Amino acid sequence: MPGLVVFNRRWSIGSDDLPVPAMILVFLNSVWVIALVSMVIEVHMTDGWRGDCSGGFLWYPIMTIGLLALLTVNDVFIAVQSAKGGVFDKKARHNIPVLLYIRTALLVVETIWACSGCVLLNWKLRTSQCDSSDLVYTLLCVVVGSNMVVIFFTLLTLYMSFDSAGRTFTKFQNLQQNSADNSTSSEPTLSVETRQEILSRKLRDLHEEKWTSRVTAGFCCAALRKPSDKAVFNKIAILLADYFDNLDVVLSDFIAGMFLLRKQQKSAHADTVQQPTNDIYQYLSGMAISPRTKFLTLKDENMQSEFTCMLHFAEYALAAYGYQGQYFFYPAKACCRINICGRCRGCPSRQDERILVGDNCCQCQYAAITTCSPLSSEDDFIYGNYENKPNFPSYFVCLDHTYKKVVLCIRGTLSIRDALIDLQGDSTKLDDIHPSWKGHRGMVAAADNIFAELTEHQILESAFDRCPTSGYSLLVTGHSLGAGVAPIISFRLREKYPHLYCYAFSPPGGLLSLDAMNESREFTTSIVVGKDIIPRLGLPQLEYFRSDILSLLENSSTPKWRIFTSTLPLLGRCLEYQNTADLPISRSQNYSPFFTRTLSSTHEPMFMPGRVLHIVKNYPREKPKGSPLYQAVWADNSSFDTIIVSPSMLEDHLPNNVLEAMQKVVENHGPKKPEKMLSEEERRATLRCGDGEVISTGTEADRLI
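What counts and how
Residues numbered from 1 in each chain as written. Predicted model: local features only at pLDDT ≥ 70, side-chain atom pairs only at ≥ 80, totals over all residues. Heavy atoms only, no water. Helix = DSSP H or I, 4+ residues; strand = E, 2+ residues; numbered from the N terminus. Contact = heavy atoms within 4.5 Å. Areas by Shrake-Rupley, 256 points an atom, 1.4 Å probe, with all protein chains shown as cover. Salt bridge = Lys/Arg side-chain N within 4 Å of Asp/Glu carboxyl O. Buried < 20%, exposed > 50% of the residue type's maximum accessible area, 1.4 Å probe, protein only. Polar contact = N/O pair within 3.5 Å; in protein donor to acceptor, adjacent residues only side chain to side chain. Phe/Tyr/Trp six-rings, centres within 6.5 Å; stacked < 30°, edge-to-face > 60°. Pairing = 2+ DSSP bridges. Expected span 1.5 Å × (residues − 1). Patch = residues over 30% accessible without salt bridge, like charges linked within 9 Å, V, L, I, M, F, W, Y side chains within 5 Å. Core = buried A, V, L, I, M, F, W, Y, C linked by side-chain atoms within 4.5 Å. Axes fitted to C-alpha atoms, helices over the stretch in contact; angles between N-to-C directions. Parallel < 35°, antiparallel > 145°, perpendicular 65-115°, else oblique. Nonpolar A, V, L, I, M, F, W, Y, C, P; charged D, E, K, R; others polar. Left-handed = near helix turned anticlockwise from the far one by under 90°.

> Could you clarify how one ought to interpret the overall build of the protein in this entry?
Each helix and strand in the protein was counted, giving 22 helices and 17 strands. In the protein, 73% of the contacts between residues at least 6 apart in sequence involve partners at least 24 apart. Taken as a whole, the protein presents about 33600 Å² of accessible surface, with 58% of it coming from carbon and sulfur.

> Would you take a moment to explain the pattern of salt bridges for this structure?
Pairing of side chains with opposite charge becomes possible as their charged atoms draw close. Within this structure, the stated rule accounts for 20 salt bridges. Linking Lys 389 and Glu 387 is a salt bridge whose minimum nitrogen-to-oxygen distance equals 3.7 Å. A residue is classified by how much of its surface remains accessible, and Lys 389, at 33% relative accessible area, is partly exposed. For Lys 496, the salt bridge goes to Glu 461, with nearest N and O atoms at 2.3 Å. Separated by 35 residues along the polypeptide, Lys 496 in the loop between helix 16 (481-493) and strand 12 (501-505) and Glu 461 in helix 15 (residues 459-465) bring together distant segments of the chain. Overall, Glu 461 belongs to the partly exposed group, its relative accessible area being 22%.

> Explain the environment of Asp 242 to me, please; I cannot follow it from the model alone.
Among the structural elements, Asp 242 can be located in helix 7 (residues 227-245). Overall, Asp 242 belongs to the partly exposed group, its relative accessible area being 27%. Sequence-wise, Asp 242 and His 207 are 35 residues apart; in three dimensions their C-alpha atoms are separated by 8.5 Å.

> Is there a simple way to think about the side chain of Asp 279 in this case?
For Asp 279, the position within the fold is in the loop between helix 8 (251-274) and strand 3 (282-284). There is a polar contact of 2.7 Å between the side chain of Asp 279 and the side chain of Arg 292.

> How do you make sense of the packing of aromatic side chains when you look at a structure like this?
Here a ring pair, both rings aromatic, is described through the centre-centre distance and the interplanar angle of the planes. Under the counting rule described, the total for this entry stands at 17 aromatic pairs. Residues Phe 259 and Phe 564 carry aromatic rings whose centres are separated by 5.8 Å and whose planes lie at 80° to one another, so their mutual orientation is edge-to-face. Residue Phe 259 is located in helix 8, and its partner Phe 564 is located in helix 19 (residues 560-565); the two are separated by 305 residues in the primary sequence. Residue classification places Phe 259 among the partly exposed positions, given a relative accessible area of 29%. Between Phe 313 and Tyr 503, the aromatic rings sit 6.2 Å apart at their centres with planes inclined by 35°, giving tilted as the arrangement. Of this pair, Phe 313 sits in helix 9 (residues 301-319) while Tyr 503 is found in strand 12, placing the two residues 190 residues apart along the sequence. The two residues Phe 313 and Tyr 503 agree in class, both being buried.

> Help me understand the pairing of strand 8 (residues 405-410) in this model?
When a strand is regular, its side chains alternate between the sheet's two faces. Across the 6 residues that make up strand 8, a large majority, 6, are buried. Burial along strand 8 is two-sided: Lys 405, Val 407 and Cys 409 facing one way and Val 406, Leu 408 and Ile 410 facing the other are all buried. Pairing analysis gives 6 bridges linking strand 7 (residues 395-400) to strand 8, with the strands arranged antiparallel. Bridge pairing links Tyr 395 to Ile 410 in strand 8.

> I'm lost on helix 18 (residues 539-555) in this one. Help?
An α-helical turn contains 3.6 residues, so any two residues separated by three or four positions project in the same direction. For helix 18, built from 17 residues, the straight-helix expectation of 24 Å at 1.5 Å per residue is met to within 8% by its first-to-last C-alpha distance of 24 Å. The buried fraction of helix 18 amounts to 12 of the 17 residues, a majority that puts the element mostly inside the structure. The set of residues buried in helix 18 consists of Pro 540, Gln 541, Glu 543, Phe 545, Arg 546, Ser 547, Asp 548, Ile 549, Leu 550, Ser 551, Leu 552 and Leu 553.

> Explanation requested: a nonpolar patch on the surface in the structure shown.
The grouping of Val 149, Phe 152, Phe 153, Leu 156, Tyr 159 and Met 160 at the surface amounts to a nonpolar patch, some 690 Å² of accessible area in total. Take Met 160: it is sitting in helix 4 (residues 133-160). For Met 160, a relative accessible area of 62% gives the class exposed.

> Even after reading the chapter, I still don't get the nonpolar core, so can you show me in this structure?
Buried together is how nonpolar side chains tend to be arranged in soluble globular proteins. Phe 307, Val 397 and Met 662 are the most contacted members of the largest nonpolar core, which totals 81 residues. By size, the runner-up hydrophobic cluster in this structure holds 18 residues, among which are Leu 261, Leu 552, Ile 563 and Val 645.

> Please explain the side chain of Ser 161 as it appears in this structure.
Tracing the backbone through its elements, the reader meets Ser 161 in the loop between helix 4 and helix 5 (166-181). For Ser 161, a relative accessible area of 7% corresponds to the buried category. In terms of polar contacts, Ser 161 uses its side chain to reach the backbone carbonyl oxygen of Thr 157, at 2.8 Å. Excluding residues within four positions of it along the chain, Ser 161 makes contact with Trp 11, Ser 12 and Ile 13.

> Which parts of the structure should I look at to understand the environment of Val 37?
Within the element layout of this structure, Val 37 appears in helix 1 (residues 19-47). Take Val 37: its relative accessible area is 34%, and that puts it in the partly exposed class.

> Just to check I follow, could you spell out the packing of helix 8 against helix 18 for this structure?
Helix 18 packs onto helix 8 with a crossing angle of 90° between their chain directions and a minimal axis gap of 8 Å. In this view, helix 8 runs roughly perpendicular relative to helix 18, as classed from their interaxial angle. Here helix 8 contributes Asp 253, Phe 254, Ala 256, Gly 257, Met 258, Leu 260, Leu 261 and Gln 264 to the contact with helix 18, which in turn contributes Phe 545, Arg 546, Asp 548, Ile 549, Leu 552 and Leu 553. Partitioning the contact of helix 8 with helix 18 into residue classes produces 9 nonpolar, 2 polar and 3 charged.

> In this structure, what is going on with helix 8? I would like to understand it.
If you check helix 8, its first and last C-alpha atoms are 35 Å apart, about what 24 residues at 1.5 Å a residue would give, namely 34 Å. Of the positions making up helix 8, those classed as buried are Ser 252, Asp 253, Phe 254, Ala 256, Gly 257, Leu 260, Leu 261, Gln 264, Gln 265, Ser 267 and Thr 272.

> What exactly am I supposed to notice about the pairing of strand 15 (residues 629-635) here?
Burial runs high along strand 15: 7 of the 7 residues are buried. Where burial is concerned, the two faces of strand 15 agree: the one with Leu 629, Gln 631, Val 633 and Ala 635 and the one with Tyr 630, Ala 632 and Trp 634 are both buried. Where strand 5 (residues 294-295) and strand 15 come together, 2 bridges link them in antiparallel fashion. When the bridges of strand 15 are listed, Phe 295 appears paired with Val 633.

> Quick question: what am I supposed to make of the packing of helix 9 against helix 20 (residues 655-667) here?
The axes of two packed helices give the description: the angle between them and the distance between them. Contact geometry for helix 9 and helix 20: axes closest at 10 Å, N-to-C directions at 160°. On the basis of the axis angle, helix 9 is roughly antiparallel to helix 20. Every pair of crossing elements has a handedness; the one defined by helix 9 and helix 20 is left-handed. Contacts between helix 9 and helix 20 pair Phe 307, Met 310, Leu 311, Ala 314, Glu 315 and Leu 318 from the former with Pro 655, Asn 656, Leu 659, Met 662, Gln 663, Val 665 and Val 666 from the latter. Among the residues making up the contact of helix 9 with helix 20, the classes are represented as 10 nonpolar, 2 polar and 1 charged.

Structure representation (structure tokens):
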């Protein structure tokens, strides 16, 4: 739900986030109550009620039992009340603040009592003459220690959920509510509007300061100290603050909304396929398959040759991740794949060997690139820069004699500095290329830096000079971040290398404006696998994604705990919740605390580059669920305007999985595409009979060949 308001402050936690923590405390307190009651009974059976036992220290466990009982009762009420109502149904949980005030008072008492227990254990029990003093001492040590641990984690939770802008947020919210209540009065409202504007600006500043500190702390290892680096942090903080903190929701709301959205998307796709009024046969990896869908036909020699070429250069994109990537993607095989023996700079036989800039003393990056890429010989490696400077991704240049190419391969995201490039997601103009074109700000800066180094040191000229024959052309490639930088730097290199071509594997969605994207189709092919989230990421897509999630949460009456537990294997079928296909999604609702903010996109649509080849997963009925067939489909760039929530949306982005999917397209051909043998009018007539009863589906109405 919206952030919990207690102590006149908003916290970064919802009142419906408490059932699980409360039940954990109920379980722990119940265990200790049972243990302490058993201990008291044991002491009574052993020593009776002798003064040394009862008057000396038995009063402490007995009163501890009473305190734990009060805590247990309070936590039960918190768990029950917190589990009521939907995510945005605050009225169902209106008693939570009162229960938390009581719990806070009991926490203070519990802390004092635990400290007094420590004093008692160090003083009284050591001198006790009770026969059961060892048992009492051991058990009380465990109880007091566990209480101190619980108190520590409670305080840690309070610290993590503290919102520095929480008090200002509450003031602004109260002022809005009072203004709405007094809207019918004849009193002047100028002062109220002025106060709202002041609080609104203050709240935005606090949010930006909070995210600036978070980004600075999160990227502290990047060693960025220049003023320009701080400006990058500020821009990223503004984007994050606008996306998250202008809405009165917490992190768990977004996660629950993603579960709802996944179910809604699956239901919507199933309903669309069943409708007889459209020509969609099925959805494969979120892509609608219709008679207009163009599958890649590998029986065509030209198509097969082109796809084999893509597969060949996908190996370079994977090898660009160096030895770190090899150990991450192939942990069991990396040692065998990379041969670093004898490469140390101290070895006499290796002192004259070509070394990458920024490589380590054992030349691990050089070894990984030369042994894991399709290079014919180590002599074909020209240059590489792996210093990983700010706004400067790693890359290398080499010769590929198989296809007679000079290869410029740019690495994807692997370091904190690479992530900083990704997070600079707003657009900037490509003035030196075309005045109306725009691109991803971070990747434009990265392309400029690489282009400057290539030009300054004449690296590409040197590579072409080393070509054994004429007819070599330039090919630019990369994966993820590298796939975003590659088309932008290709724009700059085309003037000198007009026969240049670019393969972008899993490029980011918010990369180029419409005009720039259309121009890039002449020399760029993008390859996307499955439900990969990165090609669907852009500021407009993220805003619509946020809007869809909040709309579903607003209209859903399912408690958050049930949304989460329904995903568990054993409880999923028992805890089915509301059908999300019936929930309306509206992108015009305003969930922002600011009057001027809405959830409609205010950013220009951006697209992935070039022609798009989408490798989809097909699960035929005769194949087991875990063994999909892979098919390549030519897709439109605008068809990736929606984020598809799926367990594989991150897995499909990994470069090793991209390479494996492309290999399976070649090895195992998927089922043939349904082709229409009837006219459109005949097919429509076949789909319906009598008063509208459906007699066949789209795939059954069309004959397959």
